[in-house]
Amino acid sequence: GLCVICSVIFNGIYQGVPGLDVPGRDERTGRDVGGKGSELWLAAKRAPGGYSPEKLAELVKRVMPGERYVSYLGDDYEVLKKLSAQGYPVAVTMSTGSLYGYRTVAHMVSGIHFDDDYACIVDNNDPGRYYWMPKQEFLRRWMTGGIGWAWWWLRHPLLRLAAYGAVHFIGPIL
């Protein structure tokens, strides 16, 4: 029931959202893992599992007041492509996948690449592995009843890299 929170934290750590990288003990491995000690994770663990757009909005507002994000319900793949082109990871719903024997699931993952032909996701149940699929297959898995959920922080990931001197900008960031 915490796949939404895992995806949101994973993406937020990449984007430099303050407080999300706090390590905490992973129940499965017994190791300290970034994010598992964050206030967002701890508050989510105390609540009943399963997150909707409304429940996530309430949690973020309570635990991280003032932190900006977007929650999108729709079917416009172009939104995901534009975010991807700008370097944003996007938490997206998935209705099936090889990890689940292609059974129907209600799950959220991190979308890390979207273009005209392919999408790539990282499943929080299999971190470190990249799942590439044709755009049409992603769309089939993303949308349930014709609607997909996408969620992203409004902190630009390239600005975090620029702070470390890793990126030099030539033009404006859109």
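Cut-offs used in this document
Residues numbered from 1 in each chain as written. Predicted model: local features only at pLDDT ≥ 70, side-chain atom pairs only at ≥ 80, totals over all residues. Heavy atoms only, no water. Helix = DSSP H or I, 4+ residues; strand = E, 2+ residues; numbered from the N terminus. Buried < 20%, exposed > 50% of the residue type's maximum accessible area, 1.4 Å probe, protein only. Contact = heavy atoms within 4.5 Å. pLDDT = per-residue confidence, 0-100. Pairing = 2+ DSSP bridges. Polar contact = N/O pair within 3.5 Å; in protein donor to acceptor, adjacent residues only side chain to side chain.

Q: Explain the environment of Asp117 to me, using residue names and the numbers behind them.
A: With respect to the helices, strands and loops of the structure, Asp117 is situated in the loop between β5 (107-114) and β6 (118-122). On the basis of relative accessible area, Asp117 is assigned to the exposed category, the value being 51%. Separated by 18 residues in sequence, Asp117 and Lys135 have C-alpha atoms that sit 5.2 Å apart. Filtering out sequence-adjacent residues up to four positions away, Asp117 remains in contact with Met133, Pro134 and Lys135.

Q: Now, about the environment of Ser98: what can you tell me, with residues and values included?
A: Relative to the helices and strands, Ser98 resides in the loop between β4 (90-94) and β5. C-alpha of Ser98 to C-alpha of Lys36: the two residues are 62 residues apart in sequence and 26 Å apart in space.

Q: I'd like a description of the confidence of the model for the protein chain, backed by residues and values.
A: Residues of the protein chain with pLDDT of at least 70 account for 90%, and the chain-wide mean is 90. Segment residues 162-174 is flagged for pLDDT under 50; beyond a separation of four residues in sequence, or across chains, it makes 10 contacts in the model.

Q: Could you give me a rundown of unusual backbone geometry, with the residues and numbers involved?
A: A positive phi angle is found at Tyr102, which is not glycine, with a value near 60 degrees. Mapped onto the elements of the fold, Tyr102 is located in the loop between β4 and β5.

Q: Outline the pairing of strand β7 (residues 131-134), listing residues and values.
A: Alternating residues of β7 divide into Tyr131 and Met133, all buried, and Trp132 and Pro134, none buried. The sheet contact formed by β6 and β7 spans 4 bridges and is antiparallel. By the bridge assignment, Tyr118 is partnered in β7 with Pro134.

Q: Can you lay out the side chain of Ser38 for me, pointing to particular residues and giving the numbers?
A: Along the chain, the position of Ser38 falls in the loop between β2 (32-34) and α2 (39-46). According to the relative accessible area criterion, Ser38 is buried, its value standing at 1%. Among the polar contacts listed, one links the side chain of Ser38 to the backbone nitrogen of Trp41, at a separation of 3.1 Å. Discounting residues that sit within four places of it in the chain, Ser38 has contacts with Ile9, Gly19, Leu20 and Val22.

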